[in-house]
Amino acid sequence: MIITKFESWWVERGKCLFDEKRQGGAKMGWDVLVIKLTTDTGIEGIATCMAARSGAVSESYLNETVAPVVLGRDPHDREAIFQELWIIDRHEAFFPVFLPGPVDVALWDICAKEANLPLYKYIGAYRDSLPVYASSNFLPGIQDYIDEALFYKSKGIKGYKMHPAGPVEFDMQVHQAVRDAVGPDYALMTDPVGDYTIDEAVRVGRQLERLNFEWFEEPFRDFELYKYTELCKTLDIPIAATETTRGCHWGVAQVINQHAADIVRADVSWKDGITGTLKIAHLAEAFGLNVEIHTTTMNYMDMANLHVSCAIKNCKYFEYFVPEDNYRLPMKGDLPIDENGIIHVPQDKPGVGVELDWDLIEHACHNYICQEYKG
């Protein structure tokens, strides 16, 4: 079995999902690229790729740099492809953090379909469901966080992670107000995507400990390891990091070695696909750490995240980026979350097990490229 066709669709969303503070002066259309790999046996592997800032950049990397590596290859040779792409990355490709993970997902999707197994079973199943926490975007006011947390709690969702929009004083008001609203025992987390000082982070962390938050995520840039190490030493609340750390498992290993995180983060978009995410999960397990899987901001790829999460032990929750309408594109239907706030991995279809909305893709397609293997 070899890959004979590499197709990509640049799908326009038509709106930015971030506020002006994070959008900056640059265009942010939050588009996606759909990828389809087809084998000589007719099996198709599907994935989606971030194109939030530039569809042209994502499209060019995929078609000029990644496609030649996978065309003509056996999709079972995922590790060899993974390693070759890292060689290319070091020798002047310098892929964005969200590439080339989606292509790896498509390779796994092909192989699971060939085996006629749901992806998590093909990887090696540990469970078939996970509790869900809702994860906010950056919201304009304190009441917005309160209302959203209460809404998802009423839907049976097991927890809520706020992304307070800063400054620190505002963030602390959000923490207190949401805790007061949801009660003392509801699972809460916070992720300011911050650039706090050490003193600010300690002050916030002490508040979170008093409020019984589950974890404190990304108060600094991911590369500020000294600050993370000091914070982990100082606070009792678990510190979650490595969401955007470059270098896949090699980068996360340096964080663990520096005692710079109590919980590490990974996902199939930003950490080199299923192959890379599994490497990080197994590395973290060896050191007694959880890897809490990060949303990809795309429901289809979050389904791939779910399969990985159900194939490892050291993950407690599924991150549900809300409102879901913002992140469904271009998957058909909703994430399979039940009325008790539990998400279930699909059992009745092989591979990732969900469908894309091809009518929408064709309607919103900005550009389509097809490359075929000539032998």
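Remember, predicted model here, so these are calculated numbers, not experimental data.

## A word on the nonpolar core
Taken as a class, soluble globular proteins show a tendency for nonpolar side chains to be buried jointly. By size, the foremost hydrophobic cluster in this structure holds 122 residues, and its most contacted members are Phe6, Leu37, Tyr145, Tyr160, Val178, Phe216 and Val264. If near-sequence neighbours (up to four positions away) are discounted, Tyr160 is found in contact with Tyr133, Ala134, Ser136, Leu139, Tyr145, Glu148, Ala149, Val178, Tyr186, Ala187, Leu188 and Met189. Tyr133, Ala187, Trp215 and Ile263 belong to the second largest nonpolar core, which has seven residues in total.

## A closer look at unusual backbone geometry
With the exception of glycine, the majority of residues adopt a negative phi angle, and the majority of peptide bonds are in the trans configuration. With an omega of 5 degrees, the peptide bond between Leu99 and Pro100 qualifies as cis. Structurally, Pro100 can be placed in the loop between α3 (78-93) and α4 (101-114). A cis amide bond links Leu329 with the next residue in sequence, Pro330, at an omega value of -5 degrees. Along the chain, Pro330 falls in the loop between β11 (318-321) and β12 (342-344).

## Observations concerning the pairing of strand β9 (residues 263-266)
Across a regular strand the side chains alternate sides, sitting on one face of the sheet and then on the other. A two-sided burial pattern is seen for β9, the buried positions comprising Ile263 and Arg265 on one face and Val264 and Ala266 on the other. Pairing of strand β8 (residues 239-241) with β9, which is carried by two bridges, proceeds in the parallel orientation. Looking across to β9, one finds that Ala240 is bridged to Ile263. Bridge analysis of β9 against strand β10 (residues 290-293) gives four bridges, and the strand direction is parallel. Directly across from Val264, in β10, lies its bridge partner Val291. You can see the chain leave β9, run along helix α11 (residues 273-286) and come back into β10, and the turn it takes is right-handed.

Definitions and limits used
Residues numbered from 1 in each chain as written. Predicted model: local features only at pLDDT ≥ 70, side-chain atom pairs only at ≥ 80, totals over all residues. Heavy atoms only, no water. Core = buried A, V, L, I, M, F, W, Y, C linked by side-chain atoms within 4.5 Å. Buried < 20%, exposed > 50% of the residue type's maximum accessible area, 1.4 Å probe, protein only. Contact = heavy atoms within 4.5 Å. Helix = DSSP H or I, 4+ residues; strand = E, 2+ residues; numbered from the N terminus. Pairing = 2+ DSSP bridges. Right-handed = clockwise from strand over helix to strand, strands pointing away.

The values are spatial; any link to function lies outside them.
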